[in-house]
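# Structural description and commentary
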Amino acid sequence: MRIVDIREGAVSLRSDISNAFISFAEMDASIVALVTDVVRDGRPAIGYGFHSNGRYAQRSILRERLIPSLLTAETEALLNDAHDNFDPGRMWAAMMRNEKPGGRGERSVAVGTLDMAIWDAVAKIEEQPLYRVLADRYGNGSAEESPFVYAAGGYYYPGKDLGALQEEMRSYLDLGYTVVKMKIGGASLSEDRARGEAVLHRRFAPRRDHERGHARRRILFGAMGLPHVRISDGREIAPQLDLRERLHLYAGVRSVKAIAGLPLPLADPRALEVDFVLVRESTERLFAERESGTMKPAGEARDSLVISRAACERPFDFTFALARVGGPAEDRAA
Amino acid sequence: MMCVDKSNVLQSYAFFREIFDETAARHPHLRADHCYVDAMALNLVAKPWSYDVMVTENMFGDILSDLGAALIGGMGIAPSADIGSGHALFQPCHGSAPDIIGTGRANPTAMILSAAMLLDWLGETRRVPSCVAAAAACARRSSRRSRADSSSRSSSGATRARRASPRGPPLAGGQRRAGTGERRGSG
């Protein structure tokens, strides 16, 4: 069992996007292939590695130092005790021989790229998915079946307006992502603020009305919505929910008092005595996560629930004060 | 004071109830109790007259407030207030009911009551710094102002009646829901 070859190359990631510091007009990334003489399923076990966008290819460190260190190491020194696979720790030791300890950003990118290839090869030789290998070695053998991932985007590029930014973020959510990342710092503070607000407000509530609502502080709101106007996943648009969150309207007061003379659904004469107030915590729980629902292709939909102390205490305090002001709750509570 | 939850099943509701109990301990003069939401659904039909103030989480509140509206005759006469520390929003409980556009059958009562709540709120918040006092007052006062009169059967008739007698009667009956049977714009 030995390493036959380690090949490295660079691929262009050239694009018009930019973040706060750099444009990606000349961006590239290193790719490596660690070729072993081990055959699995009729094919040589080859580990592949690459690194993240935004770092530039690390060709010289790979070619002049790290790869030669691995290729010239004693084969024995790279294997595990059972000699049935490579030992990533020992490969690291070989790779870092005569490398001064301490932070070197460029070198860590190069090492990380080789590290990915090493673990890929080790998992292929074990004929297990890498997550299973890691769970067996470093965990208790149980692995998360659905790991957390997020979509990184929201870059700047020429001609990209707020609508295009919203569309981009929306498309990630439509793909099933529940968390997205976006770039800031490459524009003025006010422009970035508008970008952030636009993404947080990626739904369809008209932005100007929200702004007006902010200014007015007391709002009489009509009804809004048409049955056929829907988000692509079938849900309704919900500007009133957006307003509750945006303006932190934490307590929904629903007065329920029977009015003499109106037809009531209950025949019991006491139905005329119905007079209660229901306070609805309005900013959290199921609705707070309504943008985070996911649909898996296998036919499983998930929504999550959130309750926080902060969000509960305000409506509770409000409701107790309401009961105190409102009358003899002591006498009438059921 | 009734806390409505499902703390017998879900952790988040047990936490909800725990915080409710902490708040209740700071208000020993008020009688506080709990009820599971399924039992409350039954009780609100069986004996709704026995409740005074209840608090619940977002989704249960969404459902039970519709039940509450039905108890008093429908969405068309149910106002609402959404209160925050800096802002307040007043809105009829019903949605846009696009299926009755132009038919003159929209019930303006809930909107008028919601506007009354807003005016009450403005009056109270100028006099009383406590938003809470204002919310309580406006919720109850708006209700007290309502008197039945089933003679106004159309939107314009009810609105005219209201103009003639601002403290006069609401229009009977609930706001129709949208064509699909779902309410629009008031989740």
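Residues numbered from 1 in each chain as written. Chains lettered and ligands numbered in written order. Predicted model: local features only at pLDDT ≥ 70, side-chain atom pairs only at ≥ 80, totals over all residues. Heavy atoms only, no water.

Once that is clear, we can look at the sheet that holds strand β3 (residues 53-56) of chain B. Pairing within the open sheet is mixed, and its eight strands lie in the order β6(A)-β5(B)-β4(B)-β7(A)-β8(A)-β3(B)-β1(B)-β2(B). Each having just a single partner strand, β6 (218-220) of chain A together with β2 (33-36) of chain B make up the two edges of the open sheet. Averaged over all pairs of adjacent strands, the angle between their axes in this sheet comes to 20°, without regard to strand direction. Pairing analysis gives four bridges linking strand β8 (residues 275-281) of chain A to β3(B), with the strands arranged parallel. Looking across to β3(B), one finds that V277(A) is bridged to V53(B). Each of β7 (251-257) and β8 of chain A together with β4 (79-83) and β5 (88-92) of chain B touches helix α8 (residues 239-246) of chain A; the most contacted strand, β5(B), lies at about 160° to it. This element, helix α2 (residues 37-46) of chain B, spans β8 of chain A together with β1 (2-5), β2 and β3 of chain B of the sheet and lies at about 95° to β2(B). (Pairing = 2+ DSSP bridges. Helix = DSSP H or I, 4+ residues; strand = E, 2+ residues; numbered from the N terminus. Axes fitted to C-alpha atoms, helices over the stretch in contact; angles between N-to-C directions. Contact = heavy atoms within 4.5 Å.)

All names here are of chain A. Position of R63 among the secondary structure elements: in helix α1 (residues 59-72). C-alpha of R63 to C-alpha of E8: the two residues are 55 residues apart in sequence and 7.4 Å apart in space. Contact partners of R63, with chain neighbours within four places excluded, come to E8 and P68.

For the rest of this paragraph, the subject is the pairing of β4(B). By the criterion of burial, β4(B) is predominantly enclosed, with five of the five residues buried. Residues P79(B), A81(B) and I83(B) line one face of β4(B) and the alternating positions S80(B) and D82(B) line the opposite face, and both faces are buried. Where β7(A) and β4(B) come together, four bridges link them in antiparallel fashion. Within β4(B), the position partnered with A251(A) by the bridge is I83(B). Where β4(B) and β5(B) come together, five bridges link them in antiparallel fashion. In the strand pairing of β5(B), S80(B) is matched with Q91(B). (Buried < 20%, exposed > 50% of the residue type's maximum accessible area, 1.4 Å probe, protein only.)

Without other data, these values stay purely geometric and don't point to any function.
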